[in-house]
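# Per-entry structural report
Residue-level listing of the chains:
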Amino acid sequence: MVLINGKEEAAAGLLLKEYLKQNNYPADGIAVECNEQIVPKSRYDSYVIQEGDVLEVVSFVGGG
C-alpha cells in the first residue's frame, strides 16, 4: 500500500502522472512530496509510485 495524503491507497506501480490524472488533480497548481522530498514536475511522467511510499499532494491557494 501507499500512503497518500494520510490515506492508504493501492497506487504502487502507477506513474505519478497517471495517479494524478485518475484522481482529477489539475496539471498546474499542485506540488507533490514523496518520502519528504519534492518531486519535480519534470519527473511526474517517469516517477513510478513504489510500495511503501508516503506522498502528499498539495494545491496552491491564492489569497490576499
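Fair warning: this is a prediction, and the values are worked out from it, not measured in the lab. (Residues numbered from 1 in each chain as written. Predicted model: local features only at pLDDT ≥ 70, side-chain atom pairs only at ≥ 80, totals over all residues. Heavy atoms only, no water.)

### Here we look at the overall build of the protein
Counting secondary structure elements, the protein contains one helix and five strands. Each helix (α) and strand (β) of the protein, taken in turn from the N terminus, gives the series β-β-α-β-β-β. On C-alpha atoms alone, the protein measures out to a radius of gyration of 11 Å, which is about the 11 Å that the 2.2 N^0.38 rule sets for 64 residues. Its C-alpha atoms give the protein principal-axis dimensions of about 40 × 25 × 20 Å. By the burial criterion, 30% of the 64 residues in the protein qualify as buried. At a minimum sequence separation of 6, the contacts of the protein that also span at least 24 residues come to 58%. Just so you have it, the protein exposes about 4,300 Å², and 51% of that area is on carbon and sulfur atoms. For the protein, the separation between the mean place of its 5 positive charges and that of its 10 negative charges on side chains is 9 Å. (Helix = DSSP H or I, 4+ residues; strand = E, 2+ residues; numbered from the N terminus. Rg over C-alpha atoms; globule rule 2.2 N^0.38 Å. Buried < 20%, exposed > 50% of the residue type's maximum accessible area, 1.4 Å probe, protein only. Contact = heavy atoms within 4.5 Å. Areas by Shrake-Rupley, 256 points an atom, 1.4 Å probe, with all protein chains shown as cover. Lys, Arg positive; Asp, Glu negative; His and termini not counted. Charge placed at Lys NZ, Arg CZ, Asp CG, Glu CD.)

### What about the environment of Ala 11?
With respect to the helices and strands, the residue Ala 11 is situated in the loop between strand 2 (7-9) and helix 1 (16-22). If near-sequence neighbours (up to four positions away) are discounted, Ala 11 is found in contact with Val 2, Ile 4, Tyr 19 and Ile 49.

### Focus: the nonpolar core
Core analysis: the biggest nonpolar cluster contains 16 residues, and Leu 16, Leu 20, Val 32, Ile 49 and Leu 55 have the highest contact counts within it. Within the residue set of this core, elements represented by two or more residues are strand 1 (2-4), helix 1, strand 3 (30-34) and strand 5 (54-59). (Core = buried A, V, L, I, M, F, W, Y, C linked by side-chain atoms within 4.5 Å.)

### Some points on the packing of aromatic side chains
Using the criterion set out here, one finds one aromatic pair in the structure. Both rings, one in Tyr 19 and one in Tyr 25, keep their centres 6.4 Å apart while their planes meet at 35 degrees; by these two values the pair is tilted. Of the residues examined, Tyr 19 reaches a relative accessible area of 3% and is grouped as buried. The partly exposed category is assigned to Tyr 25, whose relative accessible area is 23%. (Phe/Tyr/Trp six-rings, centres within 6.5 Å; stacked < 30°, edge-to-face > 60°.)

### Section: the side chain of Glu 9
Among the structural elements, Glu 9 can be located in strand 2. Of the side chains with opposite charge, Lys 7 comes closest to the buried, unpaired Glu 9, at an N-O distance of 4.8 Å. One polar contact links Glu 9 to Tyr 19, side chain to side chain, over a distance of 3.0 Å. Not counting residues up to four positions away in its chain, the partners in contact with Glu 9 are Met 1, Val 2, Ile 4 and Tyr 19. (Salt bridge = Lys/Arg side-chain N within 4 Å of Asp/Glu carboxyl O. Polar contact = N/O pair within 3.5 Å; in protein donor to acceptor, adjacent residues only side chain to side chain.)

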